[in-house]
Amino acid sequence: MLAFHVDEERCVLCGECALDCPAGIIVMDGYPRITDQEACLQCQHCLAVCPGAGISILGRDPEESTLLAGNLPEPAQVATLIKGRRSVRRYRERDLAPELIDELLNVACHAPTGVNARSVLFTVVREGAVLRRLRDHLMARLGQLKEAGELPAGLAGRYLGRIVNAWRSEGRDMLFRGAPHLLITSAPSDTPCPVQDTHIALATFQLIAYANGVGTVWDGLFMMALAVCPEVMDRLGIPDNHTIGYAMAFGEPAVEYHRTVQRGPAQVNVVRW
Ligand SMILES: Cc1cc2nc3c(=O)[nH]c(=O)nc-3n(C[C@H](O)[C@H](O)[C@H](O)COP(=O)(O)O)c2cc1C
């Protein structure tokens, strides 16, 4: 089932795979051997930690992995990526190439998940025309709710009212900020950590998107709209047994930021014992 294979020509019997296995199910029995297939997390640490690319698992060829030595960015580059990322609220009308969207998602799906469940579903709007139709539907529906006095009370209602006003008076799209694409993460509610997994996946997507020149914005306003427009939820195709994480609009930015913002220092609470 796991297709755990040790290439005896390459294995140097270092035992790193056994030491690093989080489930503790690899033993050095001469060469490494898995003792309990059911307990395997399928995390591929054995494949990643083997110095000689001698372990294959789940049908994955270690030679297909990217070598880490010499290929990692400098810490300062990663820090600039994190500090330089902005919520983008101005987009070009052009759609992104579908291959680029796939590539970003295929990186984002490497984000950690509780117990390595890897069950996050990436629901994506790939065409700007589709998101514009969804936007038009939501604007009309929110407008009806507003007129009928049926928007929720409190903060959500105030924001949703502002979305309608901005759309009607200026044609300004506060819902998706004019982005052509939308990503919604969800995960089966019975996985160990659906809320955390879906948020981490989006945070990871956001960074790889930015590294590729793609702008993103966490879309809390769409989440508010979704809560009052159940017919939209029905049409997204997300399985009923899923917990929705969050939504993120994305696309080619029509704005360029020239420097990082300056935040911090971090609020730190040091534990003493
Ligand atoms: C959970 C969450 C929801 C958000 N919802 C929206 C939103 O609906 N619309 C929007 O324009 N920005 C939204 N933002 C973006 C924040 O306003 C933004 O992160 C903050 O102002 C800091 O700016 P920066 O992301 O450029 O650093 C959201 C951010 C988070 C984390």
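Here the structure is a predicted model, which means the values were calculated and not measured.

Enquirer: Just checking my understanding: could you explain the site of the ligand for this structure?
Expert: Taken together, the residues surrounding the ligand are R86, S87, R89, R177, V217, W218, D219, G220 and L221. Listed by contribution, the elements that provide at least two residues to the shell around the ligand are β7 (215-218) and α8 (220-228). By residue class, the composition of the shell around the ligand is 3 nonpolar, 2 polar and 4 charged.

Enquirer: Help me understand the pairing of strand β3 (residues 31-34), please; the structure alone is not making it clear to me.
Expert: Residues in a regular strand point their side chains to alternate faces of the sheet. By the bridge criterion, 4 bridges tie strand β2 (residues 26-29) to β3 in an arrangement that is antiparallel. For I26, the partnering residue across the bridge sits in β3 and is I34.

Enquirer: Please clarify how the environment of F250 should be interpreted in this entry.
Expert: The residue F250 is located in strand β8 (residues 242-251) in this model. In sequence terms F250 and A203 are 47 residues apart; their C-alpha atoms lie 13 Å from each other. Excluding residues that lie within four positions of it along the chain, F250 makes contacts with A179, H181, L183, A209, V214, G215 and T216.

Enquirer: I'm lost on the sheet that holds β7 in this one. Help?
Expert: Paired through their backbone hydrogen bonds, the strands of a sheet run either parallel or antiparallel. If you trace the 4 strands from one edge of the open sheet to the other, you get β5-β6-β8-β7, paired in antiparallel fashion. At either margin of the open sheet sits one strand with a lone partner, and together these are β5 (121-125) and β7. With strand direction ignored, the average angle separating the axes of adjacent strands in the sheet is 25°. Where strand β6 (residues 181-188) meets β8, 7 bridges bridge the pair, whose relative direction is antiparallel. Considered in β8, the bridge of S186 is made with I244.

Enquirer: Please explain helix α4 (residues 98-108) as it appears in this structure.
Expert: Think of an α-helix as 3.6 residues a turn; residues three or four steps apart then line up on the same face. What α4 keeps buried is the set I101, L104 and A108. An end-on view of α4 places all buried positions within 65° of arc, on one side of the element. Residues of α4 that are exposed and point over 90 degrees away from its buried face: E99, D102 and N106. Buried positions along α4 lie against β5, β6 and α7 (194-211).

Enquirer: Looking at this model, I keep getting lost on the domain arrangement of the protein. Mind explaining?
Expert: A common way to state how big an interface is: give the accessible area lost once the parts meet. Domain annotation of the protein identifies domain 1 (5-64) and domain 2 (78-251). For domain 1 versus domain 2, the distance between C-alpha centres works out to 38 Å.

Enquirer: I would appreciate a short explanation of the environment of P22 in the present structure.
Expert: Locating P22 in the fold gives a position in the loop between α1 (16-20) and β2. The exposed category is assigned to P22, around which 12 C-beta atoms lie within 10 Å. With residues up to four places along the chain from it excluded, the contact list for P22 reads L41, C43 and H45.

Thresholds applied
- Residues numbered from 1 in each chain as written.
- Predicted model: local features only at pLDDT ≥ 70, side-chain atom pairs only at ≥ 80, totals over all residues.
- Near = placed C-beta within 6 Å.
- Helix = DSSP H or I, 4+ residues; strand = E, 2+ residues; numbered from the N terminus.
- Nonpolar A, V, L, I, M, F, W, Y, C, P; charged D, E, K, R; others polar.
- Pairing = 2+ DSSP bridges.
- Contact = placed C-beta atoms within 7 Å.
- Axes fitted to C-alpha atoms, helices over the stretch in contact; angles between N-to-C directions.
- Buried ≥ 20, exposed ≤ 12 C-beta atoms within 10 Å, placed from the backbone.
- Arc of directions from axis to C-beta.
- Domains from an automatic or database assignment.

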